[in-house]
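Structural overview
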Amino acid sequence: MNDPIEINRRNWDERAIIHARDATGFYRLDRVRSNQDGLDSIEAAELGDISQNNVLHLQCHIGTDTLRLVRLGAIATGLDFSAEAIRIARRLAEDAGLKVDFVQGRVDEAPRLAPGPFDLVYSTWGTICWLPDLTVWARVIAAVLAPGGDLYFADAHPSFLVMEARDGKLEPVFDFQTPVNRPLEFVSETTYTGDPTVMTHQSTREWIHPLSAIMEALIGAGLTIKMFHEHEVLPWQGLPIMIPTADGLWRLPDGHPRFPLSFSLRARRE
Ligand SMILES: C[S@@+](CC[C@H](N)C(=O)[O-])C[C@H]1O[C@@H](n2cnc3c(N)ncnc32)[C@H](O)[C@@H]1O
């Protein structure tokens with residue numbers, strides 16, 4: 001089986017089941033079920049008022065952030081290609097007593113499966129690295145947004161994604177741009193939550209997209225960039241040398257030269 005999207009889907013189905021057990025507390029599922037927690041601090045500070053907004057959460061995984069968006073007053077639809085993730089997301093919504101529409105499908109199928117129109121498309125943390133072609137991604141977003149509607153997007157910065165930690169030092173080891181037809185091939189025995197369960201489907205195919213490709217895709221799809229921020233923090237411990245911040249994020253240790261670990265943007269369909 002060579003289809004990179006199918007390879008990834010098998011891996012995500014398996015991860016979703018492990019994540020639903022939340023053995024390490026990474027996904028804070030007890031707090032999600034009891035409606036006790038909110039979005040991470042970057043999104044919380046930037047998102048603004050979304051009450052009564054019709055929101056599409058692209059690549060919603062097990063729906064934790066989709067539920068948080070509903071708690072902020074949104075009418076939310078979550079879309080993800082993993083059937084397991086969608087099954088778990090629906091159960092979480094039921095446990096939390098929240099009404100959310102969850103749709104199984106690939107990002108490129110969104111205009112057919114969840115046509116909207118939406119006031120907001122929300123996509124954060126670990127999404128576009130699974131997509132080979134951002135022109136397709138951006139066209140999908142433009143197609144489902146209502147005129148005047150926004151994309152809110154936050155993810156790891158490409159300047160961080162090219163790095164690995166070796167002997168406690170960061171080194172660039174990947175090209176800043178991955179060709180569509182030559183994805184990076186990774187094999188991980190376990191998932192990123194710290195759960196020791198060894199997976200059967202350990203292979204993934206991923207793409208690093210430079211900022212220019214992201215911007216060009218969005219502008220090319222007719223969207224206007226309204227906000228762009230670079231951040232010195234990430235919501236997860238992206239590399240072993242990173243240390244926690246007071247507000248639950250992760251940063252480089254003191255003394256290390258600063259560079260952006262993540263970025264966020266808002267783009268509008270005028
Ligand atoms: C790191 S998770 C995103 C997590 C997200 N920050 C959240 O709200 O929890 C990446 C998600 O993308 C989904 N995914 C990957 N490729 C996809 C595709 N082509 N179409 C739809 N979903 C995809 C995976 O199933 C997974 O749930």
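For the structure itself, consult the block above.
Summary of the structure given here. Within each chain, residue numbers correspond to sequence positions counted from 1 in written order. Only residues with pLDDT of at least 70 are given local features in this predicted model, and only at 80 or more are side-chain atom pairs given and counted; all residues enter the totals for whole chains, interfaces and linings.

Time to look at the sheet that holds strand β14 (residues 262-269). What the 7 strands build is an open sheet, ordered β3-β2-β1-β4-β5-β14-β10; its pairing is mixed. Two strands in the sheet have a free side with no partner beyond their single neighbour: β3 (101-104) and β10 (223-231). Taking the axes of each pair of neighbouring strands and ignoring which way they run, one obtains an average angle of 15° across the sheet. As paired strands, strand β1 (residues 54-58) and strand β4 (residues 118-124) are joined by 3 bridges and run parallel to one another. Paired strands are those between which DSSP finds at least two bridges. A run of DSSP states H or I qualifies as a helix once it reaches four residues; a run of E qualifies as a strand once it reaches two. Both are numbered from the N-terminal end. The angle between two axes is taken between their N-to-C directions and runs from 0 to 180 degrees, where each axis is a line fitted to C-alpha atoms and a helix contributes only its stretch in contact.

All right, on to the sheet that holds strand β12 (residues 243-244) then. Read across the sheet, 3 strands follow the order β11-β13-β12 without closing on themselves; strand pairing throughout is antiparallel. Sheet topology places β11 (233-234) and β12 at the edges, where each strand pairs with a single neighbour. Of the strand pairs in this sheet, β12 and strand β13 (residues 250-251) are connected by 2 bridges, and their pairing is antiparallel. When the bridges of β13 are listed, Ile243 appears paired with Arg251.

Let us now look at the pairing of strand β7 (residues 169-172). In terms of strand pairing, strand β6 (residues 163-166) meets β7 through 4 bridges, oriented antiparallel. Looking at β7, one finds that Ala165 is bridged to Leu170. The turn joining β6 and β7, which pair antiparallel and follow one another in sequence, is formed by 2 residues; a positive phi near 50° is taken by Asp167.

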